[in-house]
Amino acid sequence: MKVPVKLCAFACVLACSALTTNPVMLGFPTLLSLLCVAMQGRGRLALSFAATYAVIALLLCLIRFHGLHMIVFSEFHVLLLWTMSPAIVMGWDLVTTPPGDLSAFLSRLRAPAPLILGVLVAFRFFPTMAAQLARIVQSMRNRALTAPTRMIAHPAASCEYIIVPLMLRCLQIADQLTVSAVARGAQRNGIRGSYYGRPYLVRDWIWLSVWITGTVAFLFAAGTKP
């Protein structure tokens with residue numbers, strides 16, 4: 001979907017989470033968020049979020065009807081995760097949007113280059129770091145450095161095996177981003193062209209109307225805070 005549609009969806013789920021007086025009904029925007037992610041061809045991501053959401057719903061049921069009391073996480077944390085679930089789903093979908101799509105959208109708004117670069121770096125930081133951390137852990141596993149007994153016996157060395165490569169990769173990625181930004185004309189003023197400059201499709205308008213109509217109907221049915 002186009003970036004404005006994703007921004008509208010994210011604003012809608014934030015409004016649902018912040019304004020509703022009935023948190024139980026937040027399952028509707030969460031399910032709509034999962035469907036929106038799945039319809040973009042990201043079924044595995046939607047399934048992983050759905051599994052996490054199901055666990056949170058189960059914990060809420062146990063707390064509400066069976067008096068469950070947890071030691072590590074309190075009832076407040078579970079309710080907070082339930083309330084922020086739609087925003088987390090749509091926020092992750094927005095963060096993992098292709099950088100070219102984001103830069104094309106911001107460029108059409110005539111946003112300054114420092115703002116565009118800052119948004120791109122901020123949005124791509126967490127997915128990039130997660131991918132790099134997974135590679136480092138896999139490399140440690142190949143060298144038999146992730147055994148529980150070894151990590152317990154040598155915690156400082158285990159942390160060093162993760163932190164040092166991760167910091168080196170951060171420096172390398174920063175240099176690559178600088179070269180890539182200069183090569184793509186980040187210092188040029190004005191609106192730049194992009195491969196992501198496709199027109200709005202029918203599904204974009206459909207989802208835009210679905211989010212706006214669904215949010216208004218949800219707030220009307222669930223009630224809003226005074």
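Residues numbered from 1 in each chain as written. Predicted model: local features only at pLDDT ≥ 70, side-chain atom pairs only at ≥ 80, totals over all residues. Heavy atoms only, no water.

**Some details on the UniProt feature "transmembrane region" (unreviewed entry) in the protein**
Right, so step 1: Mapped onto this numbering, the UniProt entry gives "transmembrane region" (unreviewed entry) at residues 44-65, 77-95, 115-134 and 205-223.
Right, so step 2: In this annotation, residues 44-65 is assigned 100% helix and 0% strand; the end-to-end C-alpha distance for the span is 31 Å.
Right, so step 3: When the span residues 77-95 is considered, its composition is 100% helix and 0% strand, and the gap between its end C-alpha atoms is 23 Å. (UniProt positions renumbered as here; feature names shortened; annotations may be inferred. Helix = DSSP H or I, 4+ residues; strand = E, 2+ residues; numbered from the N terminus.)

**Notes on the pattern of salt bridges**
Right, so step 1: Enumeration over the complete set of coordinates arrives at two salt bridges.
Right, so step 2: Across the pair Lys 6 and Asp 93 runs a salt bridge whose closest N-O atoms are separated by 3.9 Å. Here the residue Lys 6 occupies a position in helix H1 (residues 3-19), and Asp 93 occupies one in helix H4 (residues 75-95), the gap between them amounting to 87 residues.
Right, so step 3: Residue Asp 93 is classed as buried on the basis of its relative accessible area of 0%. (Salt bridge = Lys/Arg side-chain N within 4 Å of Asp/Glu carboxyl O. Buried < 20%, exposed > 50% of the residue type's maximum accessible area, 1.4 Å probe, protein only.)

**What about a nonpolar patch on the surface?**
Right, so step 1: A surface patch of nonpolar side chains, amounting to about 520 Å² of accessible area, comprises Leu 14, Phe 76, Leu 80, Leu 81, Met 84 and Ile 88.
Right, so step 2: With five residues, the top contributor of residues to the nonpolar patch is H4.
Right, so step 3: Residue placement: Leu 14 occurs in helix H1.
Right, so step 4: On the basis of relative accessible area, Leu 14 is assigned to the partly exposed category, the value being 35%. (Patch = residues over 30% accessible without salt bridge, like charges linked within 9 Å, V, L, I, M, F, W, Y side chains within 5 Å. Areas by Shrake-Rupley, 256 points an atom, 1.4 Å probe, with all protein chains shown as cover.)

**Points about the side chain of Thr 215**
Right, so step 1: Structurally, the position occupied by Thr 215 is in helix H9 (residues 202-222).
Right, so step 2: A polar side-chain atom of Thr 215 sits 2.7 Å from the main-chain carbonyl oxygen of Trp 211.
Right, so step 3: Ignoring anything within four residues of it in the chain, the contact list for Thr 215 reads Cys 12 and Cys 16. (Polar contact = N/O pair within 3.5 Å; in protein donor to acceptor, adjacent residues only side chain to side chain. Contact = heavy atoms within 4.5 Å.)

**Concerning the packing of aromatic side chains**
Right, so step 1: Scanning the entire structure with this criterion turns up two aromatic pairs.
Right, so step 2: Taking the centre distance of 4.9 Å and the plane angle of 15° together, the rings of Tyr 53 and Trp 82 count as stacked. With Tyr 53 in helix H3 (residues 43-66) and Trp 82 in helix H4, the pair connects residues that are 29 residues apart, well separated along the chain.
Right, so step 3: Accessibility expressed as a relative area gives 11% for Tyr 53, which makes it buried. (Phe/Tyr/Trp six-rings, centres within 6.5 Å; stacked < 30°, edge-to-face > 60°.)

**Points about the side chain of Gln 132**
Right, so step 1: Tracing the sequence through the fold places Gln 132 in helix H6 (residues 113-142).
Right, so step 2: Taking relative accessible area as the criterion, Gln 132 reaches 8% and is therefore assigned buried.
Right, so step 3: With sequence-adjacent residues up to four places away left out, Gln 132 is seen in contact with Leu 166, Arg 169 and Ile 173.

**So, the confidence of the model for the protein**
Right, so step 1: Predicted confidence across the protein gives a mean pLDDT of 81, with 92% of residues reaching 70 or more.
Right, so step 2: Ranking the helices and strands of the protein by mean pLDDT puts helix H2 (residues 27-38) first, with 90, and helix H5 (residues 99-108) last, with 77. (pLDDT = per-residue confidence, 0-100.)

**Things to note about the packing of H1 against H5**
Right, so step 1: Packing of H1 against H5 leaves a shortest axis separation of 10 Å and a crossing angle of 90°. Taken together, the axis directions place H1 and H5 in an arrangement best described as roughly perpendicular. The residues of H5 that touch H1, namely those facing Val 3, Pro 4 and Leu 7, are Asp 101, Leu 102 and Phe 105.
Right, so step 2: Considered class by class, the residues forming the contact of H1 with H5 number five nonpolar, no polar and one charged. (Axes fitted to C-alpha atoms, helices over the stretch in contact; angles between N-to-C directions. Parallel < 35°, antiparallel > 145°, perpendicular 65-115°, else oblique. Nonpolar A, V, L, I, M, F, W, Y, C, P; charged D, E, K, R; others polar.)

**What about the environment of Glu 160?**
Right, so step 1: Topologically, Glu 160 is positioned in helix H8 (residues 155-183).
Right, so step 2: Using a relative accessible area of 48% as the deciding quantity, one classes Glu 160 as partly exposed.
Right, so step 3: Here the alpha-carbon distance between Glu 160 and Ala 222, two residues 62 residues apart in the chain, equals 50 Å.

**Some remarks on the packing of H4 against H6**
Right, so step 1: Across the interface, H4 lies against H6 with an axial gap of 9 Å and an inter-helix angle of 100°. Comparing the axis directions of H4 and H6 gives the class roughly perpendicular. Note on element contacts: H6 touches H4 through Phe 123, Arg 124 and Pro 127, opposite Trp 92, Leu 94 and Val 95.

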